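# Notes for the structure review
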Amino acid sequence: MSCRRFAWACLALLSLSPFAVAQDPTTPPSTFPHSYPGKPPGDFSPLWQKYFQVTNKLPNITFPLGRSFAGNIPVQRANHPNDTLFFLGFEKSKGSLTALPSRNNRDPWGIWLNGGPGSSSMYGMFFENGPIQIGGDYSAKPNQYSWDKLADYFWIDQPVGVGYSTADANGYGKFISPDEDQIGKDFMGFLGNLVKVFPSLATRPLHLTGESYAGQYIPYILKAYFDMKNPPVNIAKIAIGDGTFTSEQVFELVPALSVIETYPQIIGYDQDVYKYFKDQTARCGFNINLTYPQNGLIPDVDLIMPSQRDIPWAMKQKYGRKTFLRELKTRAEEEVEVEARSLVKRDREVREGEREVWKRDLSLRANGTIDPWYGCFLLDMFIDYAINYTYPWNLTDNPQGFPFNVYDIQDALNPKVTRDASVFLNDPRTRAALHAPTSKDWAMQFQFPFGTSMSINIFNALASNATARGVGVVLFSGNDDALIPHLGTEIAIQNTTFGGIQGFTRKPSTPWKDDAGQFAGVAHQERGWSYVMIYGAGHLVAQAAPARAFTFAREFIFGSNKSGLVTTSKSGTVTVVGGEDPSVAGVVQGADGVYYGQGATQSTYVWPKATRAAWKGFIEGEGMGKGEGAGAVAETGVPSVFFSAGLTRLPHGHLALEVAALLGFVWVLL
């Protein structure tokens, strides 16, 4: 079978994880917290601080860590005492977390949530923004950009049953629709118990942060918070990275053309291929016009299926990703096994010939219609094109892997760098030190807590409450994310009314800089809402660009950086702090290089200057008109060797980013 069909099989693997423990989907497990020596009697109180404190030495940790606390705390759901969430929290400074409660204590604290749905937040803890980094060789090292340097920070496994969290077999809320309502209530119940253990947290400003499917979790947690007369905590701000705020069509498929414009390397800078994708974008209704302020609600777009092939399994996507993912699991495993074995390495000349045939076929396929083979799955289409026709994604040195990294476009490593915390977290010494359950093993991915439908954007229902209650909203996106590109976030903002106006009144176009004084992306702030695009980062922002992510968190989540803030004087004069640069409004072209190799073995390919210059002139003629702008990667001046494919190879180590991870070729909304 073709590489084209192999791409579809790989896309089907969104539901899988190499870290997950095998589960029977018809029998949810019953799990429960473990009682360790020294457990206090009675209700939660500060007496539990000593019990939860991590005092045993963690295996392979040879460097100093700040005081930390870990364990399971119930969510207070009636008749389900074993429904608990697992937390791991680190103090910013000694005693900051265990300080006595005081109304004068305004020190912020933070919570991090990964998405999935069903991804453990220990992924964020050990591979993104926590104080311990686990390497591809399973070694551990300190993270100098850990977010606990900014505030007391908790990484929490949720919903119940995820990671080291526990649940009764009938306590998952599986059939509650929408089940995110129960998830929000559970989280508030957990926080009610957490602040009994650490009383100062009840009044200190909480910054609730997360990424990806946390774009569903956090709004529902905020909804539960607003519904309570006396909530247990004081939420000051929410911050969501690369979030699933809208329908899947909007956050994943509509932005496909913008991904190609950000990384035209995907199509080899081919102008004819670009025109075809642009045509298909219009025919699918994906060419959404954003205005500032937005003129009327932006309607959702329909998912148009392929007409040339029967893929009934994909029809389930209409009814929600969660059902879709579960239904795909068996099919995905079967197809990948067959497809992977059928791949053979073909000569580059053969691939080039096939690419020319594909291009000649464009006139026959388009003909004023939607592509019959792909329908409006434009993400699938450009990935398929890349792995068949574009170097280095078309390498088949490792047919068992998948070279295109939807989390980080620049990363064509195959296989990817290993990101596996299971060995560390399931070590009996770690389990005991963290007061983790013995009734289950930790797994990166878990599926049971989820119902039958993916929730829709509830921002409009929350925005007025957030404004009235003074809760700030920060939405951030990595520029190199192909799975949930920043255009989807911008659409969500323009479709939301906050502070009495729909969307931003001016297009985001203010550059912000990192601590090295380098262009770090685009920032825009109005009426309590902030949008920050982070240049040089993918879906997992703190993993791909840890230093830049740390600066972003310090300045925009916990700080009061005013870059991009729109102000209006008494005379009506509008000013944007930091100015506006049209060259970084909208699409900002990514780095020139694409790196490839096996695991840690990396080389970087850059297309010739003439090719890139021709593309720049072409894209300006197509109406983009921005060129490479302030965010352009400067020419390196590094000696290069030209290959027959017309590409440039740069020496090992010529990378502006750290490697962002894919879990094999598993696409989960981390």
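What counts and how
- Residues numbered from 1 in each chain as written.
- Predicted model: local features only at pLDDT ≥ 70, side-chain atom pairs only at ≥ 80, totals over all residues.
- Heavy atoms only, no water.
- Axes fitted to C-alpha atoms, helices over the stretch in contact; angles between N-to-C directions.
- Helix = DSSP H or I, 4+ residues; strand = E, 2+ residues; numbered from the N terminus.
- Left-handed = near helix turned anticlockwise from the far one by under 90°.
- Contact = heavy atoms within 4.5 Å.
- Nonpolar A, V, L, I, M, F, W, Y, C, P; charged D, E, K, R; others polar.
- Buried < 20%, exposed > 50% of the residue type's maximum accessible area, 1.4 Å probe, protein only.
- Lys, Arg positive; Asp, Glu negative; His and termini not counted.
- Salt bridge = Lys/Arg side-chain N within 4 Å of Asp/Glu carboxyl O.
- Polar contact = N/O pair within 3.5 Å; in protein donor to acceptor, adjacent residues only side chain to side chain.
- pLDDT = per-residue confidence, 0-100.
- Pairing = 2+ DSSP bridges.
- Disulfide = S-S within 2.5 Å.

### Considering the packing of helix 8 (residues 271–283) against helix 20 (residues 609–621)
In a pair of packed helices, the angle between the axes and the distance between the axes together describe the arrangement. For the pair helix 8 and helix 20, interaxial distance at closest approach is 11 Å and the crossing angle is 30°. For the pair helix 8 and helix 20, the crossing hand works out as right-handed. Residues Gln-271, Tyr-274 and Lys-275 of helix 8 touch helix 20, and the partners they reach there are Ala-614, Trp-615, Phe-618 and Ile-619. Across the contact of helix 8 with helix 20, the residue classes tally to 5 nonpolar, 1 polar and 1 charged.

### Comments concerning the side chain of Asp-480
Residue position: Asp-480 is located in the loop between strand 10 (472–478) and helix 17 (486–494). Buried and unpaired, Asp-480 has Arg-548 as its nearest opposite-charge partner, separated by 8.4 Å. Separated by 3.1 Å, the side chains of Asp-480 and Tyr-263 make a polar contact.

### Points about the confidence of the model for the protein chain
On average, residues of the protein chain carry a pLDDT of 82, and 77% of them reach 70 or more. Across residues 452–456, confidence stays below pLDDT 50; counting only partners more than four residues off in sequence or on other chains, it has 19 contacts.

### Examining the pairing of strand 2 (residues 84–90)
Residues in a regular strand project their side chains so that they alternate between the two faces of the sheet. Here strand 2 lies mainly inside the structure; 7 of its 7 residues are buried. Strand direction decides the pairing type here: strand 1 (residues 68–74) and strand 2, joined by 7 bridges, are antiparallel. Residue pairing for strand 2: Pro-74 is matched across the bridge by Thr-84. Examined bridge by bridge, strand 2 and strand 6 (residues 152–157) share 5 bridges and lie antiparallel to one another. Considered in strand 6, the bridge of Phe-86 is made with Asp-157.

### Some remarks on the state of the cysteines
Considering all chains together, one arrives at 1 disulfide under this definition. Between the sulfur atoms of Cys-284 and its disulfide partner Cys-376 the distance amounts to 2.0 Å. In this structure the cystine formed by Cys-284 and Cys-376 twists about its S-S bond by roughly -95°; its chirality is therefore left-handed. Residue Cys-284 is located in the loop between helix 8 and helix 9 (312–315), and its partner Cys-376 is located in the loop between helix 12 (362–366) and helix 13 (378–389); the two are separated by 92 residues in the primary sequence. Here the two residues Cys-284 and Cys-376 agree in accessibility, since each one is buried.

### Examining the environment of Lys-507
With respect to the helices and strands, the residue Lys-507 is situated in the loop between strand 12 (501–502) and strand 13 (510–513). Of the residues examined, Lys-507 reaches a relative accessible area of 37% and is grouped as partly exposed. C-alpha separation for the pair Lys-507 and Gly-586, spaced 79 residues apart in sequence, amounts to 8.1 Å. Not counting residues up to four positions away in its chain, the partners in contact with Lys-507 are Tyr-292, His-524, Glu-580, Ala-585 and Gly-586.

### Details of unusual backbone geometry
Cis rather than trans, the peptide bond between Gln-158 and Pro-159 has omega equal to 0°. Looking at the element boundaries, Pro-159 is found in the loop between strand 6 and helix 4 (180–197). Residue Pro-392 is bonded to the preceding Tyr-391 through a cis peptide linkage, with omega at 5°. Residue position: Pro-392 is located in the loop between helix 13 and strand 9 (411–413). Positive phi is not limited to glycine here, since Ser-212 has a value of about 60°. Along the polypeptide, Ser-212 turns up in the loop between strand 7 (205–211) and helix 5 (214–227). Phi is positive for Arg-527, which is not a glycine, with a value near 50°. The topology assignment puts Arg-527 in the loop between strand 14 (519–526) and strand 15 (529–534). Look at Arg-527 and you get partly exposed, because its relative accessible area is 24%.

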